[in-house]
Amino acid sequence: MNILEKYNIDLENKLIVRAFTHSSYVNEMKKGEDYERLEFLGDKILDFLVSEYLYVNEHLKEGQMTKIRANYVCENALYEYSKKLEFNKYLKLGKGEEATGGRDKKAILADVFEAFLAAVYLTYGLDKCKKIVYDVVIKAIENNEDYYLRDYKSELQELLQSDKKGCIYTIEKEEGPSNNKIFTAIVSMDGVILGRGKDRSKKDAEQEAAKDALSKQAKR
């Protein structure tokens, strides 16, 4: 039994349908709404429920709870949850996005998981949304599953702070169509470029830039 059957989620419900609808499909069909607004709300709901669980069940310091939460709400984790729940089966994609493998793209599936939580919350209430989060995310925490990607930005900041210096991140370039962009980020300090990185989201491009900077620092 999948999660939709277990919790009696109506696949024809307007908000549930929207949670699986990508902007490429909306643009192609010229009607409806994509999942982006739902994703915004779902992100906050997930943060709250995981934070509440950690506060109540794990008597840890703030910094420790922050690190644990980051592991289970990061893009990599959300992608794995969506794959496990087979959410890619329900996606509505435009032909172009379908042709470029959108059904298995990490960023899309990660966003859909958050959008789905928001749709469940708005349709069925917080209790059902919480049960799903506990069934999927909290279970992953209790099983000590590791989804976390190294936080190169934090590592670089810690390194630079030892010299009482800071750095800034800038998106240098955007390439490709709106539904499949590649971002190039640079990290600099005092006008000097320390590293450069590319990825499909601005956040990941900044991580790649920090990773590049750390690699160069290590070689000094």
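A brief look at the structure comes next. (Residues numbered from 1 in each chain as written. Predicted model: local features only at pLDDT ≥ 70, side-chain atom pairs only at ≥ 80, totals over all residues. Heavy atoms only, no water.)

**Brief notes about the overall build of the protein**
Part 1 of the reasoning: A tally of helices and strands in the protein yields 11 helices and three strands.
Part 2 of the reasoning: Its C-alpha atoms give the protein principal-axis dimensions of about 55 × 45 × 25 Å.
Part 3 of the reasoning: Taking all 220 residues of the protein together, 41% fall into the buried category.
Part 4 of the reasoning: In the protein, 54% of the contacts between residues at least 6 apart in sequence involve partners at least 24 apart.
Part 5 of the reasoning: Here the protein displays about 12,600 Å² of accessible surface, and carbon together with sulfur accounts for 48% of that area.
Part 6 of the reasoning: The positive charge centre, built from 37 side chains, and the negative charge centre, built from 39, are 2 Å apart in the protein. (Helix = DSSP H or I, 4+ residues; strand = E, 2+ residues; numbered from the N terminus. Buried < 20%, exposed > 50% of the residue type's maximum accessible area, 1.4 Å probe, protein only. Contact = heavy atoms within 4.5 Å. Areas by Shrake-Rupley, 256 points an atom, 1.4 Å probe, with all protein chains shown as cover. Lys, Arg positive; Asp, Glu negative; His and termini not counted. Charge placed at Lys NZ, Arg CZ, Asp CG, Glu CD.)

**Looking at the nonpolar core**
Part 1 of the reasoning: Within the largest apolar cluster, 48 residues are counted, with the highest numbers of intra-cluster contacts made by L46, Y81, F87, F113, F116, I132 and V137.
Part 2 of the reasoning: Elements with a minimum of two residues in this core: α1 (3-6), α2 (14-19), α4 (36-57), α5 (62-73), α6 (75-84), α8 (106-124) and α9 (126-142).
Part 3 of the reasoning: When neighbours within four sequence positions are excluded, F87 is seen to be in contact with I3, L4, F20, S82, L109, V112, F113 and F116.
Part 4 of the reasoning: Within the second largest apolar cluster, 14 residues are counted, among which are Y152, L160, A210 and L214. (Core = buried A, V, L, I, M, F, W, Y, C linked by side-chain atoms within 4.5 Å.)

**Quick word on the layout of surface pockets**
Part 1 of the reasoning: Put simply, the largest pocket is a space of about 1,500 Å³.
Part 2 of the reasoning: E75, A107, S201, K203 and D204 are the residues nearest the centre of the largest pocket, which is lined by 43 residues in total.
Part 3 of the reasoning: Contributing elements (two or more residues each) for the lining of the largest pocket: α4, α5, α6, α8, α10 (152-161) and α11 (202-218).
Part 4 of the reasoning: Split by residue class, the lining of the largest pocket holds 12 nonpolar, nine polar and 22 charged. (1 Å grid on protein atoms, 1.4 Å probe; cavity = no way out; pocket = protein on both sides within 12 Å on 5 of 7 lines; lining within 4 Å. Points joined across faces, edges and corners; volume = space filled by probe spheres on them. Nonpolar A, V, L, I, M, F, W, Y, C, P; charged D, E, K, R; others polar.)

**A short note on the packing of α4 against α9**
Part 1 of the reasoning: Taken N-terminus to C-terminus, the directions of α4 and α9 make an angle of 65 degrees; their axes are 10 Å apart at the nearest point. Relative to α9, α4 is oriented so that their crossing is right-handed. Contact residues: α4 offers I45, L46, F48, L49, V50, E52 and Y53, while α9 offers L126, C129, K130, V133, Y134, V137, I138, I141 and E142.
Part 2 of the reasoning: In terms of residue class, the contact of α4 with α9 is built from 13 nonpolar, no polar and three charged. (Axes fitted to C-alpha atoms, helices over the stretch in contact; angles between N-to-C directions. Left-handed = near helix turned anticlockwise from the far one by under 90°.)

**Notes on α8**
Part 1 of the reasoning: Across its 19 residues, α8 extends 27 Å between first and last C-alpha, which sits within 8% of the 27 Å expected from 1.5 Å per residue.
Part 2 of the reasoning: For α8, the complete set of buried residues consists of I108, L109, A110, V112, F113, E114, A115, F116, L117, A118, A119 and V120.
Part 3 of the reasoning: Lining the buried residues of α8 we find α1, α2, α4, α6, α7 (95-99) and α9. (Expected span 1.5 Å × (residues − 1).)

**Let's talk about the packing of aromatic side chains**
Part 1 of the reasoning: Going through the model one piece at a time under the given rule, you end up with seven aromatic pairs.
Part 2 of the reasoning: With a centroid separation of 5.2 Å and an interplanar angle of 50 degrees, the aromatic rings of Y81 and F113 are classed as tilted. Here Y81, found in helix α6, pairs with F113, found in helix α8; they are 32 residues apart in sequence, far enough to count as distant.
Part 3 of the reasoning: The class for Y81 is buried, based on a relative accessible area of 1%.
Part 4 of the reasoning: Joined through ring pairs, the aromatic side chains of F20, Y81, F87, Y90, F113 and F116 make up one cluster.
Part 5 of the reasoning: When the ring centre of Y124 is taken as origin, the NZ or CZ atom of K128, which lies over that ring, is 4.3 Å away. (Phe/Tyr/Trp six-rings, centres within 6.5 Å; stacked < 30°, edge-to-face > 60°. Lys NZ or Arg CZ within 6 Å of the ring centre and 35° of its normal.)

**Examining the packing of α4 against α5**
Part 1 of the reasoning: Contact geometry of α4 with α5 gives a least axis separation of 10 Å together with a crossing angle of 135 degrees. The angle between α4 and α5 falls in the class oblique. Once α4 is placed against α5, the crossing between them reads as right-handed. Residues L46, D47, V50, S51, L54 and Y55 of α4 pack against M65, I68, R69 and V73 of α5.
Part 2 of the reasoning: Counted by class, the contact of α4 with α5 contains seven nonpolar, one polar and two charged residues. (Parallel < 35°, antiparallel > 145°, perpendicular 65-115°, else oblique.)

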